[in-house]
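# Remarks on the overall topology
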Amino acid sequence: MSSTTYILAINCGSSSIKAKLYAVNDAGKRKPLHAVAEGSIKGIAAKGQKIKIKLEWLDGSGHDISEEGELGDQVDYQTLPPLLLKKFTSSSKGLKDEQIKYIAHRIVHGGPHKEPIIITREHEEGLTEMDTLSEFAPLHNHSAVLAIRSCLKALPEHTSLLAFDTLFHQTLPEEVYTYAIPKPDQEVPIPLRKVSKLHSLGIAQKLNLTPTRQYGFHGLSYRSILQSIATKSGKQTKDVSIVVAHLGSGGSCCMIRNGESQDTTMGLTPLEGLVGGTRSGSIDPTLVFHLVEGCAEDAGLDGIKVTRAEATLNKKSGLTALAGTNDFNSITTKMLDPSSYDAKDAKASTLAYKVYTDRLLCYLTFYLGKLFETDGVDGIDGLVFSGGIGEKSVFLRKDISKRLGWMGFQVDDKLNEQASAGKEVTIKISGEASKIPVWVVQTDEEEVCAKMVQEYFDL
Ligand SMILES: Nc1ncnc2c1ncn2[C@@H]1O[C@H](COP(=O)(O)OP(=O)(O)O)[C@@H](O)[C@H]1O
Ligand SMILES: CC(=O)OP(=O)(O)O
Ligand SMILES: [Mg+2]
């Protein structure tokens, strides 16, 4: 391991940090990257539950870690990445800090950027812009910036590449991404935000961001899933058309036609669309003004300017508001075995599941219909489940596929069980009779980030 250069990919999600370490020299120039280890911290921000820290060396030579840390709501994105870094470099593998020459960070909102950007200790300017963009991704950008700054401090010599979720959605058609509201240079009906001296339209202008359009997120995940389906189907990505449900702590769907994002459920911010672990998803926009007194006031969150309305919709809504938890497994467990739990709790869990899947079905039907309209059933390469919930919940996949049965979906129960148990990255869970294949793909946003480093620096 002594002379090998490594790329570390770090993915700050809203409830997790996932990291993967790739060896460059072993792979050779532009050869497939070789993942040597992966680490994760899950359960961040969860009240009353301890975070779970894992590290696994993928060659199976041991020294893996699986432990609990502090309580989820008492940790932050500043201290956790150095903690993971230390676990990689203090293992008996003898990996030295200076061998990690590149870190690829997933950033959710890239604003107007059409390419990744590079950050070093001498050139940190881009981070201020990324932090300001937190206005439009309050659960993500600030956390990622904290993570990047803490990595720059821990490994001052490395180069960081910022890989944006938004890059994948540059192909969205104008009629899809445009909101039917006045442009900022026309009449602005509502002062979107007046917090101290800040005004979101002023900020948007400064950032060259169009506040009247959808950007779309989970783009690195969709790129990874698209590649997996293409590989498994023996096709090029440009020939793949799929509808994907990425269901994590934040969930979104994407319609990919011929390898390009053509529609997605998240919008200007990652709040629009599906119900999330703590996010409302789409609601009547005027609800905000009816329910949240002083909704435009600053919520007083640490380090970022977020209105009370956004704090409510981003952090206190979704499954958490309906079921008191964003633990999807516990929600389905209580719903399926109500007599073993408090009746009120079980009823709330059932409603949470029903609301969640009602919205999910709505978007999936809509996207499958759009693809069907232009490409017919034979032009659809599949329906894909991914993200923590999509990859793990056997029940949700079975239920959704059954409710979409009228379109010809048919899931094989055994394969469906196997998909959550095994380590296979891409698994088809539909039976022979299914008119459209159903897939489960373990998304790999970290690999997409690391590949961007490889391409950018021609490694
Ligand atoms: N066994 C499981 N069954 C159902 N859902 C699960 C299971 N394990 C984890 N999840 C859910 O996955 C979600 C986290 O997904 P993940 O994609 O890791 O999140 P993030 O958005 O932080 O990237 C949580 O809502 C969690 O409840
Ligand atoms: C965009 C988004 O919601 O990401 P995550 O699901 O990782 O929080
Ligand atoms: Mg995620």
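For clarity, every value in this text was computed on a predicted model and none was experimentally measured.

Thresholds applied
Residues numbered from 1 in each chain as written. Chains lettered and ligands numbered in written order. Predicted model: local features only at pLDDT ≥ 70, side-chain atom pairs only at ≥ 80, totals over all residues. Heavy atoms only, no water. Helix = DSSP H or I, 4+ residues; strand = E, 2+ residues; numbered from the N terminus. Rg over C-alpha atoms; globule rule 2.2 N^0.38 Å. Contact = heavy atoms within 4.5 Å. Domains from an automatic or database assignment. Buried area = accessible area lost by both parts, 1.4 Å probe. Salt bridge = Lys/Arg side-chain N within 4 Å of Asp/Glu carboxyl O. Near = heavy atom within 4 Å. Polar contact = N/O pair within 3.5 Å; in protein donor to acceptor, adjacent residues only side chain to side chain. Areas by Shrake-Rupley, 256 points an atom, 1.4 Å probe, with all protein chains shown as cover. Buried < 20%, exposed > 50% of the residue type's maximum accessible area, 1.4 Å probe, protein only. Pairing = 2+ DSSP bridges. Axes fitted to C-alpha atoms, helices over the stretch in contact; angles between N-to-C directions. Core = buried A, V, L, I, M, F, W, Y, C linked by side-chain atoms within 4.5 Å. Patch = residues over 30% accessible without salt bridge, like charges linked within 9 Å, V, L, I, M, F, W, Y side chains within 5 Å. pLDDT = per-residue confidence, 0-100. Parallel < 35°, antiparallel > 145°, perpendicular 65-115°, else oblique. Left-handed = near helix turned anticlockwise from the far one by under 90°. Nonpolar A, V, L, I, M, F, W, Y, C, P; charged D, E, K, R; others polar.

## Considering the overall build of the chain
- Helix and strand content of the chain: 15 helices and 16 strands.
- Its C-alpha radius of gyration of 22 Å places the chain within 12% of the 23 Å reference for a compact globule of 459 residues.
- Taken along its principal axes, the extent of the C-alpha atoms in the chain is 60 × 55 × 50 Å.
- Taking all contacts inside the chain whose residues are at least 6 apart in sequence as the whole, residues at least 24 apart take part in 65%.

## So, the domain arrangement of the chain
- Split into domains, the chain comes out as domain 1 (6-171) and domain 2 (235-281 + 317-445).
- Each of domain 1 and domain 2 has a C-alpha centre, and these two points are 26 Å apart.
- Listed per partner, the contact involves 16 residues of domain 1 and 17 residues of domain 2.
- The contact between domain 1 and domain 2 buries some 1300 Å² in all, and 47% of this surface belongs to carbon and sulfur atoms.
- At the junction of domain 1 with domain 2, the criterion picks out three salt bridges.

## Digging into the site of ligand 1
- Around ligand 1, 16 residues are found, and the nearest of them are Ser 15, Ser 16, Lys 18, Ser 249 and Phe 328.
- Ser 15 places a polar side-chain atom, nitrogen or oxygen, 2.8 Å from an oxygen atom of ligand 1.
- Within the backbone of Phe 328, one N or O atom sits 2.9 Å away from an oxygen atom of ligand 1.
- Relative to its unbound accessible area of 590 Å², ligand 1 is 81% covered by the protein chains.
- When residues in the shell around ligand 1 are grouped by element, the largest group, four residues, is from helix α12 (residues 387-392).
- For the shell around ligand 1, the two domains that each supply at least three residues are domain 1 (6-171) and domain 2 (235-281 + 317-445).

## A closer look at the pairing of strand β13 (residues 260-264)
- When you tally the buried positions in β13, you get four out of five residues, the bulk of the element.
- Of the pairings in the sheet, the one linking strand β12 (residues 251-257) to β13 comprises four bridges and is antiparallel in character. Note on β13: the bridge partner recorded for Ile 256 is Ser 261.

## Focus on the sheet that holds strand β6 (residues 100-107)
- Across the sheet, which stays open at both edges, the eight strands sit in the order β5-β4-β3-β2-β1-β6-β8-β7 with mixed pairing between neighbours. The outermost strands of the open sheet, each flanked by one partner alone, are β5 (65-71) and β7 (117-119). Going from strand to strand, the sheet's axes swing by 20° on average, the running direction of each strand aside.
- Those strands touched by helix α1 (residues 80-89) are β1 (6-12), β2 (16-23), β3 (34-42), β4 (50-57), β5 and β6, and its axis lies near 140° from that of β3.
- Each of β1, β2, β6, β7 and β8 (159-164) is contacted by helix α15 (residues 445-456), which is oriented at about 135° to β1, the strand it contacts most.

## Focus on the nonpolar core
- Ile 7, Met 130, Phe 136, Leu 162 and Leu 209 are the most contacted members of the largest nonpolar core, which has 40 residues in total.
- Of all the elements in the fold, those that place two or more residues in this core are β1, β6, β7, α2 (125-132), α3 (141-154), β8, α5 (200-207) and α15.
- The biggest single contributor to this core is α15, with five residues.
- The next biggest cluster of nonpolar side chains, apart from the first, holds 39 residues, and it includes Phe 328, Leu 396, Leu 404 and Ala 419.

## Re the site of ligand 2
- If you check the shell around ligand 2, you find Gly 13, Ser 14, Arg 106, Val 108, His 140, Asp 165, Phe 217, His 218, Gly 250, Met 266 and Arg 279 and nothing else.
- One of the side-chain N or O atoms of His 140 is found 2.7 Å from an oxygen atom in ligand 2.
- Against a free-state accessible area of 260 Å², the protein chains account for coverage of 94% of ligand 2.
- There are two domains that each give the shell around ligand 2 at least three residues, and those are domain 1 (6-171) and domain 2 (235-281 + 317-445).

## Notes on the side chain of Ser 349
- If you trace the backbone, Ser 349 turns up in helix α11 (residues 343-375).
- Looking at Ser 349, the relative accessible area reads 1%, which means it is buried.
- Setting aside residues no more than four positions away along its own chain, Ser 349 makes contact with Ala 323, Ile 331, Lys 334 and Met 335.

## Comments concerning the sheet that holds strand β15 (residues 426-428)
- Sheet architecture is open: six strands sit in the order β13-β12-β11-β14-β16-β15, paired in mixed fashion. Two strands lie at the open edges of the sheet, namely β13 and β15, each paired on one side alone. Averaged over all pairs of adjacent strands, the angle between strand axes in this sheet comes to 25°, irrespective of strand direction.
- Two strands pair when backbone bridges link them, and strand β11 (residues 242-247) and strand β14 (residues 382-386) are joined in this way by five bridges, in the parallel orientation. Note on β14: the bridge partner recorded for Ala 245 is Phe 385.
- Contacts from helix α6 (residues 219-233) reach β11, β12, β13, β14, β15 and β16 (438-441) within the one sheet, and its direction differs from that of β11 by about 130°.
- The sheet contacts of helix α13 (residues 394-403) involve β11, β14 and β16, and relative to β14 the element is tilted by about 155°.

## Structural notes on a nonpolar patch on the surface
- On the surface, a nonpolar cluster with roughly 250 Å² of combined accessible area is contributed by Ile 283, Leu 287 and Leu 291.
- Take Leu 287: it is sitting in helix α7 (residues 287-291).

## Here's the deal with the confidence of the model for the chain
- Summing up the model confidence of the chain, the mean pLDDT is 91 and the portion of residues at 70 or higher is 95%.
- Taken as a whole, residues 194-198 scores under 50 in pLDDT and shows 11 contacts with residues more than four places along the chain or in a different chain.

## Details of the packing of α1 against α3
- At a minimum axis distance of 8 Å, the contact between α1 and α3 shows a crossing angle of 45°. With respect to their mutual orientation, α1 and α3 come out oblique. The two elements α1 and α3 cross, and the hand of that crossing is right-handed. Each of Pro 81, Pro 82 and Leu 85 in α1 lies in contact with α3, whose residues at this interface are Ala 147, Ser 150, Cys 151 and Ala 154.
- Broken down by class, the residue content of the contact of α1 with α3 amounts to six nonpolar, one polar and no charged.

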